[in-house]
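Coordinate analysis (summary)
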Amino acid sequence: MAGVSLITGAGSGIGRQTAISLGQAGDAVAVADIDEAAARKTADAIVGTGGIAAAYALDVADPAAVADVAGAVVRDLGPVERAVNLAGILGFADVEDITDEDWSGMMAVHAGGTFHVCRAVLPGMVERRRGAVVNTASVFALRGQAGATHYAAAKAAVIAFSKSVAREKAPFGVRVNVVSPGPVDTPFFGRGMSGDELDAVRRERAKTIPLGAIARTGQVSSVIVFLLGDGAAHMTGQVVSVDGGETMR
Ligand SMILES: NC(=O)c1ccc[n+]([C@@H]2O[C@H](COP(=O)([O-])OP(=O)(O)OC[C@H]3O[C@@H](n4cnc5c(N)ncnc54)[C@H](O)[C@@H]3O)[C@@H](O)[C@H]2O)c1
């Protein structure tokens, strides 16, 4: 790989690992995150090992900001060949307790953010007849999740959107796939829990997974990198589960 990648949510977790892997593979990486300091840390890690990276503060829910950053990336690094939407938030509440703000915030980050980034990068990919996008769903979107209905619905929207864009852009050589993780050991998974609580939840959750463990970030980022590369040249519109076998479709 020796092009330009744009990764959202790249300040932490799966996004950070994906950005580092793409940097090691030779891409110039645009590291975007709402947490500017975290984005800078990831970019520094890539540059520190001889790679090329630039950090961007970005709220993917803000359409104008996404358009601005996408333009800056092209000016700073060159045309975007690969994009990965990993920015994400999680919330738990029963349906009757979900506020309008919770609902619209969840939709704005996951469905909206994915849409904003795709809208910004796809025209360049179509023009060059080359490009790959990976969007992120969740096991919750595929099997449903009590207590996180707004998150599950937002991730299901990402899947329908991605399949539709994949069909729309396939004639132009642009591929769009979805990675659908089960639980992954990132700050996202443990948010709001103490160390002991987190260990207990990890153990309980692992029991529901045929392969017997929650994923490490590298086990998801490796699949994302594969989907972006020429090894996946004949794959588009796919939802690839990386969940230890929790969903078998
Ligand atoms: N960790 C899991 O168990 C798990 C499971 C299934 C799906 N996912 C999905 O994988 C993706 C990555 O999750 P992760 O586990 O690496 O989480 P993480 O919390 O480690 O990283 C998410 C990053 O997104 C950033 N972010 C949040 N809102 C943003 C916004 N509006 N604009 C830009 N950046 C924003 C955060 O600052 C953070 O750096 C998310 O879409 C998440 O929904 C995670």
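Presented here is an overview of the structure given in this document. No experiment lies behind these values; they were computed from the predicted model shown. (Residues numbered from 1 in each chain as written. Predicted model: local features only at pLDDT ≥ 70, side-chain atom pairs only at ≥ 80, totals over all residues. Heavy atoms only, no water.)

As a further point, take the sheet that holds strand S4 (residues 82-85). Read across the open sheet, the 7 strands follow the order S3-S2-S1-S4-S5-S6-S7; overall the sheet is parallel. The open sheet is flanked by strand S3 (52-57) and strand S7 (239-242), the only strands paired with a single partner. The mean inter-strand angle of the sheet, taken between neighbouring strand axes irrespective of direction, is 15°. Across 4 bridges, the pairing between strand S6 (residues 174-181) and S7 is parallel. The partner of Val-179 across the bridge, within S7, is Val-240. Across the face of the sheet, helix H4 (residues 100-128) comes into contact with strand S1 (4-8), S4, strand S5 (131-136) and S6 while running at roughly 175° to S4. Relative to S6, helix H9 (residues 217-228) is tilted by about 165°, and along the sheet it contacts S4, S5, S6 and S7. (Pairing = 2+ DSSP bridges. Helix = DSSP H or I, 4+ residues; strand = E, 2+ residues; numbered from the N terminus. Axes fitted to C-alpha atoms, helices over the stretch in contact; angles between N-to-C directions. Contact = heavy atoms within 4.5 Å.)

Time to look at the pattern of salt bridges. Counted by the stated rule, this structure contains 11 salt bridges. Between Asp-230 and Arg-130 there is a salt bridge whose closest N-O contact spans 3.9 Å. Taken together, the positions of Asp-230 in the loop between H9 and S7 and Arg-130 in the loop between H4 and S5 put the pair 100 residues apart, joining distant regions of the chain. Judged by its relative accessible area of 39%, Arg-130 falls in the partly exposed class. In this structure, Glu-246 engages Arg-205 in a salt bridge whose closest nitrogen and oxygen atoms are separated by 3.2 Å. Taken together, the residues Glu-246 in the segment after S7 and Arg-205 in helix H8 (residues 195-206) connect sequence positions 41 residues apart. Note on accessibility: Glu-246 and Arg-205 belong to one class, buried. One salt-bridge network, held together by shared partners, links Asp-27, Glu-81, Arg-82, Arg-130 and Asp-230. (Salt bridge = Lys/Arg side-chain N within 4 Å of Asp/Glu carboxyl O. Buried < 20%, exposed > 50% of the residue type's maximum accessible area, 1.4 Å probe, protein only.)

Before going further, it helps to spend a moment on the site of the ligand. Looking at the ligand, there are 29 residues lining it, with Ser-12, Ile-14, Asp-33, Tyr-151 and Thr-186 nearest. In this structure, Asp-33 approaches the ligand through a side-chain N or O atom, which is 2.6 Å from an oxygen atom. At 3.2 Å from a nitrogen atom of the ligand is found a main-chain nitrogen or oxygen belonging to Leu-58. Protein burial of the ligand: of its 830 Å² of free accessible surface, 94% is covered by the chains. Going through the elements one at a time, helix H1 (13-24), H4, helix H6 (149-169) and helix H7 (187-190) are the ones with two or more residues in the shell around the ligand. Looking at the shell around the ligand, its residues break down into 15 nonpolar, 10 polar and 4 charged. (Near = heavy atom within 4 Å. Polar contact = N/O pair within 3.5 Å; in protein donor to acceptor, adjacent residues only side chain to side chain. Areas by Shrake-Rupley, 256 points an atom, 1.4 Å probe, with all protein chains shown as cover. Nonpolar A, V, L, I, M, F, W, Y, C, P; charged D, E, K, R; others polar.)

Let us now look at the packing of aromatic side chains. Tallied over the entire structure, the rule returns 3 aromatic pairs. Aromatic pair Phe-115 and Phe-161: ring centres 6.1 Å apart, planes at 85°, arrangement edge-to-face. Of this pair, Phe-115 sits in helix H4 while Phe-161 is found in helix H6, placing the two residues 46 residues apart along the sequence. Taking relative accessible area as the criterion, Phe-115 reaches 33% and is therefore assigned partly exposed. Take Phe-161: its relative accessible area is 24%, and that puts it in the partly exposed class. Judged by centre distance (5.9 Å) and plane angle (85°), the rings of Phe-140 and Tyr-151 are edge-to-face. With Phe-140 in helix H5 (residues 139-143) and Tyr-151 in helix H6, this pair connects stretches of sequence that are 11 residues apart. As far as the burial class goes, Phe-140 and Tyr-151 line up, both buried. An aromatic cluster is present here, built from Phe-140, Tyr-151 and Phe-188 joined pairwise through their rings. (Phe/Tyr/Trp six-rings, centres within 6.5 Å; stacked < 30°, edge-to-face > 60°.)

Okay, the packing of helix H3 (residues 63-76) against H4 next. Between H3 and H4, the least distance of the axes is 9 Å, while the angle of their chain directions is 35°. The hand of the H3/H4 crossing is right-handed. Residues Pro-63, Val-66 and Ala-70 of H3 pack against His-116, Val-117, Arg-119 and Ala-120 of H4. Across the contact of H3 with H4, the residue classes tally to 5 nonpolar, 1 polar and 1 charged. (Left-handed = near helix turned anticlockwise from the far one by under 90°.)

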